[in-house]
Amino acid sequence: MTTIPGFEHRRVPVADGVTLHAAVGGSGSPIVLLHGFPQTHLMWRHVAADLAADHTVICPDLRGYGASDKPAETGPDVYSKRTMAADVVALAAALGHERFALAGHDRGALVAFRAGLDHPAAITHLACLDVLPTLDMWDVMRGVTAAVGFHLYLMAQPPGLPEQLIGASPDAFFGHFLDLWINDPAAIPAEVRAAYLDACRAAVPSIVADCRASAGIDVEHDRADLAAGNRLRMPVTVLQQDWGAALGYDAAALWRAWAPDLRHDTVTSGHFMAEESPVEIARALRELMAR
């Protein structure tokens, strides 16, 4: 199994019938790193090893991904970002950390965003990599430019068809994004790519359920927070590709509406920036935790 050198693997119960797998290493103030789609905790392997020099680093597989449990989708809450954020807070607490910094990429960034809104007493610093908040994401994806997110529309459909279509050729589906979204293919070597595909192949229903929630209950939660004036109270760093220029929106302005203490930067690497530019990402996370 491909692993993060020097990290130990833990299985930690976080909710009724749900246990998360996590790689844990280093010592010092804690930071939790949440992976994106179509990946596992391994996407953080370089950044985690760097940060472990002076931080306790916790890299879980999200509910429904990797070696973590994959409960059946029996309702919208099972894979809501609210539920998945509660998993992360419970994981950190079980490992002895009531307060911690949190960084997420892609799907993990949406979980991190929700954790920051729902658990401000626990999250000291927040980083979100290459996403918009769910509510804003759906608002900016319009017309033919929305084709870049075709997978989100597919997985938003009711249970049955998305799982059947993706399950019929999972390596082609998930591999498409691993190939399309990267500027430097060497950043995801063959053994890591194989690990991602193996993990996704075994998790089609739960991955679809995660994305389906973002077209339903997650939007409801974001709308409620926006109406109530709930905002991210901690220092926030957002790193993104320049999607705003491509799709016609001001990404920093959208984020600033949620995060008053915001540092927003665009990057030149591809979507998988923690693997393509790990030194820069680790530096940005250290700078965030120093704020």
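> Honestly, the side chain of asparagine 230 in this entry has me stumped. Any pointers?
Tracing the chain through its elements places asparagine 230 in the loop between α10 (217–228) and β7 (236–240). Classification of asparagine 230 as buried rests on a relative accessible area of 17%. At 3.4 Å, the side chain of asparagine 230 forms a polar contact with the backbone oxygen of leucine 117. If sequence neighbours within four positions are ignored, asparagine 230 has contacts with Leu117, Asp225 and Trp258.

> Before we go on, may I ask you to explain the pattern of salt bridges in this structure?
Oppositely charged side chains are able to pair whenever their charged atoms sit close together. Under the definition given, this model contains 19 salt bridges. As a salt-bridge pair, aspartate 54 and arginine 286 come within 3.0 Å of each other at their nearest N and O atoms. With a gap of 232 residues between them, aspartate 54 in the loop between α1 (45–51) and β4 (55–60) and arginine 286 in helix α14 (residues 278–289) connect regions that are remote in the sequence. Salt-bridge contacts for aspartate 225 lead to arginine 114; the nearest nitrogen and oxygen are separated by 2.5 Å. Of this pair, aspartate 225 sits in helix α10 while arginine 114 sits in helix α3 (residues 107–118), placing them 111 residues apart in sequence. Since its relative accessible area comes to 2%, arginine 114 is described here as buried.

> So what exactly am I meant to see when it comes to the sheet that holds strand β5 (residues 100–105) here?
Backbone hydrogen bonds hold the strands of a sheet together, and the pairing may be parallel or antiparallel. Read from one edge to the other, the open sheet built from 8 strands follows the order β1-β2-β4-β3-β5-β6-β7-β8, with strand pairing classed as mixed. Of all the strands in the sheet, just β1 (8–15) and β8 (262–266) have a single pairing partner and so form its edges. When strand polarity is set aside, the average angle formed by the axes of neighbouring strands in this sheet is 20°. Taken together, the 5 bridges between β5 and strand β6 (residues 123–129) define a ladder with parallel strand orientation. Looking across to β6, one finds that histidine 105 is bridged to leucine 129.

> Is there a simple way to explain α10 in this structure?
Working note: α-helix, 3.6 residues per turn, so residues spaced by three or four point in the same direction. Helix length check: α10, at 12 residues, gives a terminal C-alpha distance of 17 Å against a target of 16 Å (1.5 Å per residue), a fit within 8%. Among the structural elements, α2 (81–94), α3, α4 (134–140) and α9 (204–213) are those in contact with the buried residues of α10. A positive backbone phi angle near 80° is found at glycine 229, which sits one or two residues after α10.

> Honestly, the side chain of histidine 97 in this entry has me stumped. Any pointers?
With respect to the helices, strands and loops of the structure, histidine 97 is situated in the loop between α2 and β5. Exposure remark for histidine 97: the relative accessible area of 16% places this residue in the buried category.

> Help me out: how do you make sense of helix α6 (residues 161–168) in this one?
For α6, every residue scored as buried is listed here: Pro162, Glu163 and Ile166. Taken end-on, α6 shows its buried residues confined to a sector of 95°, consistent with a single buried face. Summarising the geometry of α6, the exposed residues directed more than 90 degrees from the buried face are Gln164 and Ala168. Buried residues belonging to α6 abut α5 (150–155), α7 (170–180) and α9.

> Help me understand the pairing of β1 in this model?
Looking down a regular strand, the side chains alternate between one sheet face and the other. The pairing of β1 with strand β2 (residues 18–25) spans 7 bridges and is classified as antiparallel. Opposite arginine 10, over in β2, you have alanine 22 as the bridge partner. In textbook terms, the turn of a hairpin is the stretch between consecutive antiparallel strands, and for β1 and β2 this stretch comprises 2 residues, one of which, glycine 17, has a positive phi near 75°.

> What should I look at first to understand the environment of arginine 11 in this one?
Within the secondary structure, arginine 11 is located in strand β1. For arginine 11, a relative accessible area of 47% gives the class partly exposed. Once the C-alpha coordinates of arginine 11 and glycine 28 are considered, the two residues, 17 residues apart in sequence, prove to be 21 Å apart. Discounting chain neighbours no more than four positions away, the residues touching arginine 11 are Thr19, Leu20, His21, Ala67 and Asp69. Within the structure, arginine 11 has its side chain in polar contact with the backbone oxygen of alanine 67 (distance 2.6 Å). Polar contacts involving the side chain of arginine 11 include one to the side chain of aspartate 69, which spans 3.0 Å.

Cut-off values and rules
Residues numbered from 1 in each chain as written. Predicted model: local features only at pLDDT ≥ 70, side-chain atom pairs only at ≥ 80, totals over all residues. Heavy atoms only, no water. Helix = DSSP H or I, 4+ residues; strand = E, 2+ residues; numbered from the N terminus. Buried < 20%, exposed > 50% of the residue type's maximum accessible area, 1.4 Å probe, protein only. Polar contact = N/O pair within 3.5 Å; in protein donor to acceptor, adjacent residues only side chain to side chain. Contact = heavy atoms within 4.5 Å. Salt bridge = Lys/Arg side-chain N within 4 Å of Asp/Glu carboxyl O. Pairing = 2+ DSSP bridges. Axes fitted to C-alpha atoms, helices over the stretch in contact; angles between N-to-C directions. Expected span 1.5 Å × (residues − 1). Arc of directions from axis to C-beta.

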